[in-house]
Amino acid sequence: MRGEVPIPYLLILTHLGYRAYAEKEPSNVFDAAAAIADGTFLADGTITAGGSSVGVIDKGARVLGFPAFERTIQPVKDDVLTALGGKQLQHISISMDNADRYFSRIIPGEPFLGRALNIYVGFEADPQNEHLSVFRGIITELSLMPVMTIEADER
Amino acid sequence: MGKARFIFYNLITAESMLAVSSLRAGIVTSALKEGSGSAILNPGGSFTGSVDLEYIAEIDSISGGAEVGQATFKWSDGTGGWNERGVTTSASNLTLNNGVMVNFTTGSGADFFVGDRWYFKGVNLFNAGKMIDLDRDHRYRSATLGSPNTITVTFGSALEVMALVLFDHNLTSGATIVLKGNTADSWAAPAFSEVIAWSSEKIIHFLSAATTYRYWQLQITDAGNTDGHIEIGELFLGSYLELSKNYNKGFSRDRRFLKDTNETPYGIRRHRFYNTRKIFSYDFNVLPTADITSLETLIDSICSRSAGTFQPFWFVPDSASPNDSHLVEIGSLPVKHRSLTWYDTPLQFEEVMTSV
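Since the model is a prediction, treat every value here as computed from it, not as a measurement.

### Focus: the overall build of chain B
From N to C terminus, chain B includes one helix and 27 strands. On C-alpha atoms alone, chain B measures out to a radius of gyration of 26 Å, which is more than a quarter above the 21 Å that the 2.2 N^0.38 rule sets for 356 residues. When each of the 356 residues of chain B is scored for burial, the buried share is 33%. For chain B, restricting intrachain contacts to residue pairs at least 6 apart in sequence, the fraction spanning at least 24 positions comes to 71%.

### Topic: the overall build of chain A
When helices and strands are tallied, chain A shows two helices and eight strands. The order of helices and strands in chain A, counted from the N terminus, is β-β-β-β-α-β-α-β-β-β. Buried positions account for 29% of the 155 residues belonging to chain A.

### With respect to the interface of chain A and chain B
A common way to state how big an interface is: give the accessible area lost once the parts meet. At the junction of the two partners, chain A supplies 17 residues and chain B supplies 16 residues. Taken together, the residues of the side of chain A that touches chain B break down into seven nonpolar, five polar and five charged.

### Examining the sheet that holds strand β2 (residues 18–22) of chain A
Residues and elements named next belong to chain A. Pairing is mixed across the open sheet formed by eight strands, whose spatial order is β3-β2-β1-β6-β7-β8-β5-β4. Each edge of the open sheet is held by one strand with a lone partner, namely β3 (58–61) and β4 (63–65). This sheet shows a mean twist of 35 degrees between the axes of neighbouring strands, independent of strand direction. Here two bridges tie β4 to strand β5 (residues 91–97), and the two strands are oriented antiparallel to one another. Paired with Gly65 across the two strands is Ser95, which belongs to β5.

### Some words on the sheet that holds strand β11 (residues 101–105) of chain B
Residue and element names in this part refer to chain B. Strand order in this open sheet of three strands is β5-β11-β10, and the pairing throughout is antiparallel. One side of each edge strand has no neighbouring strand; the edge strands of this open sheet are β5 (40–44) and β10 (94–95). Here β10 pairs with β11 via two bridges, running antiparallel. Counted as the bridge partner of Thr95 is Met101 from β11.

### So, the nonpolar core
Of all hydrophobic cores here, the largest spans 106 residues; its most connected members are A:Leu10, A:Ile150, B:Ile7, B:Leu164, B:Val165, B:Leu235 and B:Trp314. The residues contacting B:Leu164, other than those within four sequence positions of it, are B:Leu179, B:Ile196, B:His205, B:Phe236 and B:Leu237.

### Things to note about the environment of A:Lys59
Within the fold, A:Lys59 resides in strand β3. Along the chain, A:Lys59 and A:Ser27 lie 32 residues apart, while their C-alpha atoms are 8.7 Å from each other. Setting aside anything within four residues of it in sequence, one finds A:Lys59 in contact with A:Ala20, A:Tyr21, A:Glu25, A:Pro26, A:Phe30 and B:Leu125.

### Some points on the environment of B:Ile232
All names here are of chain B. Tracing the sequence through the fold places Ile232 in strand β18 (residues 231–232). The exposure class assigned to Ile232 is buried, which follows from the 25 C-beta atoms found within 10 Å. Residues Ile232 and Ile268, 36 residues apart in the sequence, show an inter-C-alpha distance of 42 Å. Apart from residues no more than four positions distant in its own chain, Ile232 is found in contact with Met131, Arg139, Tyr140, Leu166 and His169.

### Section: the confidence of the model for chain B
On average, residues of chain B score 96 in pLDDT, and 100% of them reach the 70 mark or higher. The ipTM value of the predicted complex is 0.85, and its pTM value is 0.89.

### A closer look at the environment of B:Thr88
All names here are of chain B. Take Thr88: it is sitting in strand β9 (residues 84–88). Judged by C-beta crowding, with 13 C-beta atoms within 10 Å, Thr88 ranks as partly exposed. Measuring from C-alpha to C-alpha, the distance between Thr88 and Phe313 comes to 51 Å, with 225 residues separating the pair along the chain. Not counting the four nearest positions on each side in its chain, Thr88 is found in contact with Gly69 and Thr72.

### A short note on unusual backbone geometry
Residue and element names in this part refer to chain B. Residue Pro148 is bonded to the preceding Ser147 through a cis peptide linkage, with omega at 5 degrees. Topologically, Pro148 is positioned in the loop between β13 (140–141) and β14 (149–167). The phi dihedral of Asn98 is positive, around 50 degrees, even though this residue is not glycine. Within the fold, Asn98 resides in the loop between β10 and β11. You will see that Leu340, though not glycine, has its phi angle at about 50 degrees, which is positive. Among the structural elements, Leu340 can be located in the loop between β26 (336–339) and β27 (342–351). Overall, Leu340 belongs to the exposed group, with 8 C-beta atoms counted inside 10 Å.

### Considering the confidence of the model for chain A
When pLDDT is averaged along chain A, the result is 82, and 73% of the positions lie at 70 or above. For chain A, the element scoring lowest by mean pLDDT is helix α1 (residues 80–85) of chain A, at 64; β2(A) scores highest, at 95.

What counts as what
- Residues numbered from 1 in each chain as written.
- Chains lettered and ligands numbered in written order.
- Predicted model: local features only at pLDDT ≥ 70, side-chain atom pairs only at ≥ 80, totals over all residues.
- Helix = DSSP H or I, 4+ residues; strand = E, 2+ residues; numbered from the N terminus.
- Rg over C-alpha atoms; globule rule 2.2 N^0.38 Å.
- Buried ≥ 20, exposed ≤ 12 C-beta atoms within 10 Å, placed from the backbone.
- Contact = placed C-beta atoms within 7 Å.
- Nonpolar A, V, L, I, M, F, W, Y, C, P; charged D, E, K, R; others polar.
- Pairing = 2+ DSSP bridges.
- Axes fitted to C-alpha atoms, helices over the stretch in contact; angles between N-to-C directions.
- Core = buried A, V, L, I, M, F, W, Y, C linked by C-beta atoms within 7 Å.
- pLDDT = per-residue confidence, 0-100.

Encoded structure:
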């Protein structure tokens, strides 16, 4: 699998579990069976529990576009010492494909507002605990239009 | 060369019509609670159901006490009514069905009040229903390789089948694929049996003769499959449309590149390539009214104003080479009157993509 391009993807943690969405169908470690204690792996210390899979309840190619991330770790108005401990809180806006009203049907029973949204970048064949976390936040706003926009604030 | 064919009306209309001999297990979600008791319901287990289910557990009595081990609950898997009532809550796992288990963690104060309710799901990202959703990214996946792996289709009544489609599969060239039909769900000596020729990734097979049965079974033996399981994206059983006249010579195909490109002021380009999409243009000329009616029936079948759905279909340019076919979407149905009862209709199709 080496030589492939890492994919950015987002995980939304609803009351029922994690939902994974990307610009393409997430595969490999997103396959749910890897999370099941079915005897495939032994508790012999060779694998970190939960590290090799995501165990999502839903996944799909639903992301129309990821936003540009803005991260400032040294605000110009602060002195050096203050700047070292300060950072700009990110706000992101993600466009999701809702043309078939997929999310419109889900959200009444499984609300997204106020739920955690994490964005990662990683190779699908690599364990999920090796993926790079680029955003952790809370969903603060969403619009259930054909293009669903999710707004989230870093926490 | 054979005439073009359109495959669009799948007789398998619900995942409940499908039964598979082997299914990769799914998962049980966390629970969403409504109620004021302090106890927590913990769902668990490996979901083995053939279709996704929505479970509800509800406290139905605290006459014996309001704590874990005293109160009782009823539960439903959403298939109609309560499956069981008066089940005593327990800190140890209680098996509901389809591999789903629950236990309760006690809290501070009263654990339960009558009416406390939990909602959770048993979901499988690879269940048999993924074979009929026309989403090429979604696949049915077996747990193991069987001898054979079977997919049984049960219609409500005997229905005529003229075509089989196995799309986006992982079967190897060593696979033995047999389609059987019968009047009963019994497969030792079925009334109909036909071997299906293998083709990489997609198989479109026209039956030797239109055949009518209620029960159908696909038997697949692929012991050498290195994936360790069989995987199928789409399964179709049904009829097809063949117009009275074929398309004109001089059809065109285009293969468009889906990519991002940047260019510096010096003209240096760099690309991020994603995929290619095929575009097909065929001119069907001098068609009789009956053919136009058939095409309009096709459009009515793939579009649903009430459900808001617009479905793709398989287009087979040459029925003598059925595997050189694609799952496509149609942009419009232009009909131009030529003379008397003859019409021209230039059709353009776009390939439906997969991202895996």
